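Next come the chains, spelled out residue by residue.
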Amino acid sequence: MGKEMEEFHKVRRLPPYVFEQVNRLKASARAGGADIIDLGMGNPDLPTPKAIVDKLCEVVQDPRTHRYSSSKGIPGLRRAQAAYYARRFGVKLNPDTQVVATLGSKEGFANMAQAITAPGDVVLCPNPTYPIHAFGFLMAGGVIRSIPVEPDENFFQPLERAVRHSIPKPLALVLNYPSNPTALVATLDFYKDVVAFAKKHDIIVLSDLAYSEIYFDGEPPPSVLQVPGAIDVTVEFTSMSKTFSMPGWRMGFAVGNERLIAALTRVKSYLDYGAFTPIQVAATHALNGDGSDIAEVRNVYKRRRDVMVESFGKAGFDVPPPAATMFAWAKIPEKFRHLGSLEFSKLLVEKADVAVAPGVGFGEQGDDYVRLALVENEHRIRQAARNIKKFLSTADETMHNVISLNAHR
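Only a predicted model underlies this, so the values are computations on that prediction, with no experimental measurement involved.

Taken in spatial order, the 7 strands make up an open sheet running S2-S8-S7-S6-S5-S3-S4, and their pairing is mixed. The sheet is open, and its two edges are formed by strand S2 (99–102) and strand S4 (143–147), each paired on a single side. Averaged over neighbouring strand pairs, the angle between their axes works out to 20° when direction is ignored. Bridge analysis of strand S7 (residues 234–239) against strand S8 (residues 252–256) gives 5 bridges, and the strand direction is antiparallel. In the sheet register, Val235 faces S8, and the bridge partner there is Gly256.

Summarizing the sequence annotation, UniProt attributes the feature "domain: Aminotransferase class I/classII large" (unreviewed entry) to residues 35–386 in the numbering used throughout. Annotation note: span residues 35–386, helix share 40%, strand share 14%, distance between end C-alpha atoms 14 Å.

Moving on to the packing of aromatic side chains. In total, this model carries 20 aromatic pairs according to the counting rule given. Ring centres 5.0 Å apart and planes at 5° place the aromatic pair Trp329 and Tyr369 in the stacked group. Taken together, the residues span a long stretch of sequence, with Trp329 in strand S9 (residues 327–331) and Tyr369 in strand S12 (residues 369–373) at a distance of 40 residues. Given the relative accessible area of 22%, Tyr369 is considered partly exposed. Each residue in the set Phe155, Phe156, Tyr177, Phe190, Tyr191 and Phe197 is aromatic and connected to the rest through ring pairs, giving one cluster. When the ring centre of Phe327 is taken as origin, the NZ or CZ atom of Arg371, which lies over that ring, is 3.9 Å away.

Spatially, 3 strands are ordered S9-S12-S11 in an open sheet, and the strand pairing comes out antiparallel. In the strand order of this sheet, the two ends are held by S9 and strand S11 (357–358), each with one partner. One ladder, built from 5 bridges, connects S9 with S12; its direction is antiparallel. Following the sheet pairing, Ala328 is matched in S12 by Leu372.

With that settled, the discussion passes to empty space enclosed by the protein. Tallied over the entire structure, the rule returns 1 cavity of 30 Å³ or more. Considered as a void within the structure, the largest cavity measures approximately 40 Å³ in volume. Ser70, Ser71, Gly73, Ala101, Thr102, Leu103, Met251, Lys268, Asp272, Gly274, Ala275 and Gln280 together form the lining of the largest cavity. In terms of residue class, the lining of the largest cavity is built from 4 nonpolar, 6 polar and 2 charged.

Considering all chains together, one arrives at 22 salt bridges under this definition. Here Lys314 makes a salt bridge to Glu310, at a shortest N to O gap of 3.2 Å. With a gap of 4 residues between them, Lys314 and Glu310 both fall in helix H11 (residues 292–315), about one helical turn apart. On the basis of relative accessibility, which here comes to 62%, the residue Lys314 falls in the exposed class. One salt-bridge network, held together by shared partners, links Asp217, Lys302, Arg305 and Asp306.

Once that is clear, we can look at the layout of surface pockets. Size it by volume and the largest pocket reaches roughly 780 Å³. Along the walls of the largest pocket sit 37 residues, with Tyr17, Met41, Gly42, Lys106 and Tyr130 positioned nearest its centre. Elements supplying a minimum of two residues to the lining of the largest pocket: helix H2 (19–31), helix H5 (104–116), helix H6 (132–139) and S11. Of the residues in the lining of the largest pocket, the class split is 20 nonpolar, 10 polar and 7 charged. When residues of the lining of the largest pocket are assigned to domains, at least three fall in each of domain 1 (9–47 + 293–394) and domain 2 (50–288). Put simply, the second largest pocket is a space of about 340 Å³. Lining the second largest pocket are 21 residues, with Pro15, Phe135, Gly361, Phe362 and Gly363 positioned closest to its centre. Secondary structure elements with two or more residues in the lining of the second largest pocket: strand S3 (122–126), H6 and S4. Among the residues forming the lining of the second largest pocket, the class breakdown is 15 nonpolar, 5 polar and 1 charged. There are two domains that each give the lining of the second largest pocket at least three residues, and those are domain 1 (9–47 + 293–394) and domain 2 (50–288).

A few words now on the nonpolar core. Grouped together as the largest cluster of nonpolar side chains are 52 residues, with contacts concentrated most on Tyr85, Phe155, Leu173, Met240, Met251 and Phe253. Within the residue set of this core, elements represented by two or more residues are helix H3 (50–60), helix H4 (75–89), S2, helix H7 (156–165), strand S5 (172–176), helix H8 (188–201), S8 and helix H10 (277–287). Among all residues touching Tyr85, those that are not within four sequence positions of it are Gly90, Val91, Leu93, Leu209, Ser223, Leu225, Glu236, Thr238 and Val255. Counting 41 residues, the second largest nonpolar core, distinct from the first, contains Phe216, Leu374, Val375 and Ile381.

Parameters at a glance
- Residues numbered from 1 in each chain as written.
- Predicted model: local features only at pLDDT ≥ 70, side-chain atom pairs only at ≥ 80, totals over all residues.
- Heavy atoms only, no water.
- Pairing = 2+ DSSP bridges.
- Helix = DSSP H or I, 4+ residues; strand = E, 2+ residues; numbered from the N terminus.
- Axes fitted to C-alpha atoms, helices over the stretch in contact; angles between N-to-C directions.
- UniProt positions renumbered as here; feature names shortened; annotations may be inferred.
- Phe/Tyr/Trp six-rings, centres within 6.5 Å; stacked < 30°, edge-to-face > 60°.
- Buried < 20%, exposed > 50% of the residue type's maximum accessible area, 1.4 Å probe, protein only.
- Lys NZ or Arg CZ within 6 Å of the ring centre and 35° of its normal.
- 1 Å grid on protein atoms, 1.4 Å probe; cavity = no way out; pocket = protein on both sides within 12 Å on 5 of 7 lines; lining within 4 Å.
- Points joined across faces, edges and corners; volume = space filled by probe spheres on them.
- Nonpolar A, V, L, I, M, F, W, Y, C, P; charged D, E, K, R; others polar.
- Salt bridge = Lys/Arg side-chain N within 4 Å of Asp/Glu carboxyl O.
- Domains from an automatic or database assignment.
- Core = buried A, V, L, I, M, F, W, Y, C linked by side-chain atoms within 4.5 Å.
- Contact = heavy atoms within 4.5 Å.

Here it is in structure tokens:
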């Protein structure tokens, strides 16, 4: 094969994007007239609150806001994010040096990886986890060492082992609680142990807190920055996508350690001019609100969660109730587990008109699971359960010739 046909180095380093296989199948089914109930992508279907949209419409009328904006975020927006952290977590931040606006938490995470990673640097990353947590460092030339996702007493033994046996010593530890895809939630005591570990071994902590406001049971999820001294080693990423139903607006934040925030800010200054100013002003308005919009979003997801757990359970597909996030993380029914999550996800599209996210797309440790997003209304979720019940009840007759692709490997 000629050199012109070879993939570029950074593209070759990326694992296959398994979600694309399900997406192609989903698009093909829809083109054929199928009504696919899409529980796959975490793409919020709720409208952005009217007051936020109205603020955007008001500000966009001013031609001065049509010029290049500030890459690190306009001052009012950074002050609003610092005020949010003070209200919600009791964490004091300097909006000039410890807050930077990002084009969503995903972009912020990827550019932080670019800012701090040298080729061959080792990063400790949960498995399974949201893909950018690993892919961002892979694209920056780093090496991923997988660690458990459960925030319990078994979490730290693999970390100690990684520090002893990784060459070079790990650069950073990635955290994501509430977790996408597993919906696990960490406690403040767990974060205290993480910070102590990071300081002991001189490791950076990168915390993805995108789902801080989507919780259903018990206390609101904490921030690692609530731990005294955590800011010495930590940067945390948040997003307005889920909290305010603003996914397409692409607005997020990185906050924390001044040196790390300065590195991210400098990298971003070479790559973008920041979000459109009217979006930043509208986001400021949202953050300075009374929180009622957040509460309503949370209630909608809670109702959907309860409907999914009940209806899927009655259909024969057990879905443990997530304590947080807009996702459920469900083990594949035992009869189909040998197929793996990708093949099972394809079957659900073909046989039940339901799309889910295969767990293997979040890491090989997720291959016994699928992720179900709460992005369809309650009626559609119940319909998905009926479709799945019909599929499961007739599987013995319709599945006799289906085998796992892994059987040929």
